[in-house]
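# Coordinate analysis (summary)
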Amino acid sequence: MVPKPQGSAAAKSVTHRPLPPLPKLRVRRPNKPEMNPCLGIMASVLGCWASSGYSIQGCAQLETKLRHCMDSPRNPNTKKNNINYHLSRMYPKIVGPHKRD
């Protein structure tokens, strides 16, 4: 008898089952909140205060940048992500026809 290679027996015995059907396609929380644009400047101010011991002379320029950033208005016209709309619209074409009972 000729011995079989070990890899071939394992490859033939593995059967792939089809995935269960999805009721709908959906992306969870597609609208991620954007990071605060003043976060980097605030970290610089805190680092400056930690290194210089809260002296107004050394960190004045960073403090004015932080004040200007915090006082500037945010953009209220952020667009919502419409990926879930397109997924729900294209889902019947992805799934294909169903049997009618």
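Residues numbered from 1 in each chain as written. Predicted model: local features only at pLDDT ≥ 70, side-chain atom pairs only at ≥ 80, totals over all residues. Heavy atoms only, no water.

## Observations regarding the confidence of the model for the protein chain
Interpretation of the predicted coordinates at a detailed level should be avoided for regions scoring low in pLDDT. Summarising the model, the protein chain shows a mean pLDDT of 76, and 73% of its residues fall at 70 or more. Confidence scores differ between elements of the protein chain, with helix 1 (residues 6–13) showing the lowest mean pLDDT of 57 and helix 2 (residues 39–52) the highest of 89. (pLDDT = per-residue confidence, 0-100. Helix = DSSP H or I, 4+ residues; strand = E, 2+ residues; numbered from the N terminus.)

## Structural notes on helix 3 (residues 56–71)
Maximum bend of helix 3: about 35 degrees, positioned at L62. Taken as a whole, helix 3 has its buried residues at C59, E63, L66 and C69. (Bend = angle between axes of the 7 residues up to and from the residue. Buried < 20%, exposed > 50% of the residue type's maximum accessible area, 1.4 Å probe, protein only.)

## Overview of the state of the cysteines
Overall, the coordinates contain two disulfides when judged by the stated rule. Across the disulfide from C38 sits C69; the S-S distance is 1.9 Å. Here C38 and C69 share a disulfide; its torsion about the S-S bond, -95 degrees, makes the bridge left-handed. Placement of C38 in the loop between helix 1 and helix 2 and of C69 in helix 3 is noted, with a sequence separation of 31 residues between them. Considered together, C38 and C69 belong to a single accessibility category, that of buried residues. (Disulfide = S-S within 2.5 Å.)

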